[in-house]
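Overview (structure and organization)
The chain contents come next:
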Amino acid sequence: MDYNVLWFVLLGVLLAGYAILDGFDLGVGILHPVARTDEERRIVLNSIGPIWDGNEVWLVTFGGALFAAFPEAYATAFSGFYVAFMVVLFALIFRAVSIEFRGKMKSSRWRTTWDYAFFGSSLLASLVFGVAVGAAMDGVPLNQRGIFIGRFVDQLHMYPLLVGVMTAAMFTMHGAIYLFLKTEGAFQKRLETWMWRGFGCFLASYLLVTIMTLVKIPRATQNFQDHPWGWLLVFLNVLAIANIPRAIHQRRAVYAFVSSSATIAALVCLFGLALFPNLITSNPHPENSLTIYNAASSQKTLRIMAVIALLGMPFVLTYTGIVYWTFRGKVRLEHHSY
Amino acid sequence: MSALDQLMDVVLLSRLQFALTIMFHYLFPPLTIGLGVILVYLEGMFLRTGDPLYEGAARFWTKIFGLNFAMGVVTGIVMEFQFGTNWAVYSRFVGDVFGSALAAEGIFAFFLESGFLALLLFGWDRVGPRMHFFATVMVAIGGIFSSVWITVANSWQQTPAGSEIREHIVNGEVFLRAEIVDFWALVFNPSTVHRLIHVWLGAFILGAFFVMSISAWYLLHGRHRAFAERSFTGGLLLATVCSLAQLLSGDLQAKNVARHQPAKLAAMEGQYETQTHAPLYLFGSPDDQTGTVRYAIRIPGLLSWLLHGESAAEVPGLNDLEKTWGRPPVWLTFQSYHLMIWIGFLFIGSTLYASFLWWRGTLFDRRAVLWFFVFAVILAFVANEVGWVAAEVGRQPWIVYPTVVNGVVTGGLRTSDGVSESVEAGQVLGSIIMFGLIYLLLFFLWLMILNDKIQKGPDLPRRSTQHTHPFLEAATGLVDHTGSLTEEKGRAPEENG
């Protein structure tokens, strides 16, 4: 395995980490309206209160690593999808602000405003992330120099939108399971219904996306011929998805959460396998694609970065572990809560 | 071309957007770096002395810290995305070098900060006081790590080292970009250390003035006296030491700029013509048309003396430098640089005077002095901002500074060449409006909540048991060492919420 492939894998790890961690975080935001009383809403916010910031760091580091390892892909994607990235920034800023500022004032109008902002921005961010993945699967028009030459609105057709919907549904399900773990009593009962609803929406959109991928994007399955172990991923993905309703039914929420995390991880892996070795696929003119070789930094830099990642990763996992361990168990509203 | 057409230029708009977003962002990081150091001190003293006044103070400043940190995170994500969205050509050119520093910041600093921030803000009732102290130290270190990597990245843009311009081929198209050849030479490029120290001192000064501002306000209103006196004294000591140190750091840095970025120095000092006995302008208004500094108050020979130790030394002016280095906007560079320096001198004078009053024991009765410190924090914000304006505007017309080898300019990237190829002016205008509105809202929310927290004040024990000044005792080694960190365990109050 060369450094280019290593960095493709590491970016996949960062993306999967982000999708799993901020996935339930965003899902919790989408489910925020399910909470009715102010106390329930505070429980929702405080379930992610200490961790949302750390979860978002995975995205920031993904962006930084993409910039460092594959600057061509970073530059083309971020400038080409200018409007989409501005929408993401808008959503992420408003989400952070509504989490932080909602509890700072007692007025119910103040709090309701931020409740809507929290819900809306979480949904918007989930949709745009999904659309971005869909657009990457589908490919975008690039010129010979690897620069985006289309318009963003042209990318908003059926397939990316459907992937956006699937992502939002998946995060809703993932968030519902997480919230179920973090709550008690009547509120938890209502969340059980939402776990089922989330799963239903996810399953329906997942099947549609799978069919459309097979029909519309033949390139997506080409890699399976060269890498037959890819079928193992498909198998694991189906197994993980099938496990979710089983675990919910058996009331083993931790198991359900692990399963939905595995589902997300498997989907990110499949996404990576479908792209490989492209980072940004050109459609039409696939020969203009930006790959992990022509878009990469120098070998020396990739090696230095690998050392940095190797040094840093154990620490990152330790911090994450410490924080999740400290805030384990049901949400308790304390003096310092939101 | 009409004025509107001139405005609808992607380069200009992208520069305006970058200026808006970075200047708003930079209100917060130096504040959290400065406050982080103060939090470490307060919690450390609480562990050491068990004095609940320290605990109350640590809890209060932690809340303020959390608010500022959130603002820094939210506005910081924008910065990282913006290199790619608005400066794609620049990103392709520097990714190999600059991207690495940015990624290192993410891996080494952001995870550390965000992880332990959770314990710092929400962990009071979940972890023991020593673990909480550890979290505080980690968050403070995280902020400092972050400043290291981002200053490394920016310093490389100012004085590139450890990199080489090489050809890179994408689908048969050849283009040039910077690549790392020596990682440590890149990290310790000629300006990194000078600039890092300057950034840190600026952050400590801001943190100290912020604490002094709120404390002075309490003192003027007769509220939380013991807490406010202790906070003010600690802040004053930090501010005095750092303001004095900043003078030395600034002097070293100006000499370094003169060596590596002579055109920037000429713009900062308003040197249009190469001359011996170069004067130092105390005030003035550089005029590009006439090539002179108007309404100037000058001290002949002082600039030559400051830079080279003798007043007869020659200082190159823009007339000679322009051919090789290009000409930065002189007026803005000159004024922001001078504003920063004047604020620096004001801080040295005012902190020394306040320290003298404190030593006399009359500081807290001098209402005029306290009122000065209530508002001086605004100047500390301004000094941090305009210092960066001088650094970044003075770097123009380059986004990555060139290197001159035997009089030949090599490498470097012009700002006008760094902008995204596929972005239109209308899109940038739209995002400027969006950021402008969001940041205006954020700014008012920040002020409102800050005010709310200040009005509520710290949650303190009714009477402090100690009336000494442990900060100075600690600083001078006179502290009572009967309770060391390990022995303290039994005596520290249990935290049960």
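Residues numbered from 1 in each chain as written. Chains lettered and ligands numbered in written order. Predicted model: local features only at pLDDT ≥ 70, side-chain atom pairs only at ≥ 80, totals over all residues. Heavy atoms only, no water.

Now for the overall build of chain B. Helix and strand counts for chain B come out as 16 helices and 10 strands. Against the compact-globule benchmark of 23 Å for 497 residues, chain B has a radius of gyration of 24 Å, which places it among compact chains. Principal-axis analysis of the C-alpha atoms gives chain B an extent of 70 × 55 × 45 Å. Counting across all 497 residues of chain B, residues that qualify as buried make up 58%. For chain B, long-range pairs separated by at least 24 residues make up 76% of all intrachain contacts whose partners lie at least 6 apart in sequence. Accessible surface for chain B amounts to roughly 20,100 Å². Of this, 65% is attributable to carbon and sulfur atoms. (Helix = DSSP H or I, 4+ residues; strand = E, 2+ residues; numbered from the N terminus. Rg over C-alpha atoms; globule rule 2.2 N^0.38 Å. Buried < 20%, exposed > 50% of the residue type's maximum accessible area, 1.4 Å probe, protein only. Contact = heavy atoms within 4.5 Å. Areas by Shrake-Rupley, 256 points an atom, 1.4 Å probe, with all protein chains shown as cover.)

With that settled, consider the packing of aromatic side chains. All told, the structure shown has 57 aromatic pairs over all chains when counted by the stated rule. Through pairs of rings, three or more aromatic residues link up here, namely A:Phe67, A:Tyr74, A:Phe78, A:Phe85, B:Phe18, B:Phe81, B:Phe83, B:Tyr90 and B:Phe98. Sitting over the ring of B:Trp398, B:Arg414 keeps its end group 4.4 Å from the ring centre. (Phe/Tyr/Trp six-rings, centres within 6.5 Å; stacked < 30°, edge-to-face > 60°. Lys NZ or Arg CZ within 6 Å of the ring centre and 35° of its normal.)

Let us look at the nonpolar core. One finds A:Trp7, A:Phe70, A:Phe101, B:Trp61, B:Phe209, B:Phe232 and B:Leu442 to be the most contacted residues of the largest nonpolar core, which totals 245 residues. It is helix 5 (residues 88–122) of chain B that contributes the most residues to this core, 19 residues altogether. Ignoring sequence-local partners within four residues, the contact set of B:Trp61 consists of B:Leu35, B:Leu39, B:Leu42, B:Phe210, B:Val211, B:Ile214, B:Ser215, B:Phe227 and B:Ser231. Residues B:Ala254, B:Val257, B:Met268 and B:Leu303 belong to the second largest nonpolar core, which totals 13 residues. (Core = buried A, V, L, I, M, F, W, Y, C linked by side-chain atoms within 4.5 Å.)

Turning our attention to the environment of B:Val127. Mapped onto the elements, B:Val127 comes out in the loop between helix 5 and helix 6 (129–158). When its relative accessible area of 14% is taken as the criterion, B:Val127 is described as buried. Among all residues touching B:Val127, those that are not within four sequence positions of it are A:Thr326, B:Leu119 and B:His132.

A word on the interface of chain A and chain B. On the chain B side, the residues contacting the 74 residues of chain A number 79 residues. Buried area between chain A and chain B, summed over both chains or domains, comes out near 6,700 Å², and the portion from carbon and sulfur atoms is 71%. Taken together, chain A and chain B are joined by one salt bridge. Here B:Arg92 and A:Glu72 are joined by a salt bridge, their closest N and O atoms 2.7 Å apart. The interface formed by chain A and chain B includes 15 residue pairs in polar contact (both at pLDDT 80 or more). Secondary structure elements with two or more residues in the side of chain A that touches chain B: helix 3 (52–69), helix 4 (71–80), helix 5 (82–101), helix 6 (108–138) and helix 12 (299–326) of chain A. In the side of chain A that touches chain B, the residues fall into 42 nonpolar, 20 polar and 12 charged. (Buried area = accessible area lost by both parts, 1.4 Å probe. Salt bridge = Lys/Arg side-chain N within 4 Å of Asp/Glu carboxyl O. Polar contact = N/O pair within 3.5 Å; in protein donor to acceptor, adjacent residues only side chain to side chain. Nonpolar A, V, L, I, M, F, W, Y, C, P; charged D, E, K, R; others polar.)

It is worth spelling out the packing of helix 10 (residues 262–269) of chain B against helix 12 (residues 318–325) of chain B at this point. Residues and elements named next belong to chain B. Where helix 10 contacts helix 12, the axes come no closer than 9 Å and their chain directions differ by 140 degrees. Relative to helix 12, the element helix 10 is oriented oblique. Helix 10 and helix 12 meet at a crossing whose hand is left-handed. Taking contact as the criterion, the partners of Pro 262, Ala 263 and Ala 266 in helix 10 are, on helix 12, Leu 318, Leu 321 and Trp 325. Of the residues in the contact of helix 10 with helix 12, the class split is six nonpolar, no polar and no charged. (Axes fitted to C-alpha atoms, helices over the stretch in contact; angles between N-to-C directions. Parallel < 35°, antiparallel > 145°, perpendicular 65-115°, else oblique. Left-handed = near helix turned anticlockwise from the far one by under 90°.)

Taken together, the eight bridges between strand 1 (residues 163–170) of chain B and strand 2 (residues 173–180) of chain B define a ladder with antiparallel strand orientation. Among the inter-strand pairings, B:Ile165 is bridged to a residue of strand 2 of chain B, identified as B:Ala178. (Pairing = 2+ DSSP bridges.)

With that settled, the discussion passes to a nonpolar patch on the surface. Residue and element names in this part refer to chain B. On the surface, Leu 247, Phe 283, Ile 297, Trp 342 and Phe 345 cluster together into a nonpolar patch covering about 480 Å² of accessible area. Mapped onto the fold, Ile 297 is located in strand 5 (residues 292–299). Judged by its relative accessible area of 44%, Ile 297 falls in the partly exposed class. (Patch = residues over 30% accessible without salt bridge, like charges linked within 9 Å, V, L, I, M, F, W, Y side chains within 5 Å.)

Residue and element names in this part refer to chain B. Both strand 4 (residues 280–287) and strand 5 contribute to a ladder of six bridges, which runs antiparallel. Looking across to strand 5, one finds that Phe 283 is bridged to Ile 297. Two successive antiparallel strands, strand 4 and strand 5, enclose a turn made up of four residues, where Gly 291 displays a positive phi of approximately 70 degrees.

All names here are of chain A. Regarding helix 9 (residues 219–226), the residues found buried are Ala 220, Asn 223 and Phe 224. Axial view of helix 9: buried residues confined to an arc of 110 degrees, hence all on one face. Those residues of helix 9 that are exposed and aimed more than 90 degrees away from the buried face are Gln 225 and Asp 226. (Arc of directions from axis to C-beta.)

All names here are of chain B. Contact geometry of helix 6 with helix 8 (residues 192–220) gives a least axis separation of 9 Å together with a crossing angle of 135 degrees. The angle between helix 6 and helix 8 falls in the class oblique. Pair helix 6 / helix 8 crosses with right-handed handedness. Contact residues: Ile 144, Ser 147, Val 148, Thr 151, Val 152, Asn 154, Ser 155 and Gln 158 in helix 6; Thr 192, Arg 195, Leu 196, Val 199 and Trp 200 in helix 8. A per-class count over the contact of helix 6 with helix 8 returns six nonpolar, six polar and one charged.

Attention now goes to the side chain of B:Gln158. Residues and elements named next belong to chain B. The topology assignment puts Gln 158 in helix 6. Engagement of the side chain of Gln 158 in a polar contact is seen with the side chain of Glu 392, the distance being 2.9 Å. Setting aside its immediate chain neighbours within four residues, Gln 158 contacts Ser 191, Arg 195, Gln 261, Lys 264, Ala 391, Glu 392, Arg 395 and Tyr 401.

Note that every value here comes from positions in space, so none of it alone points to a role or purpose.
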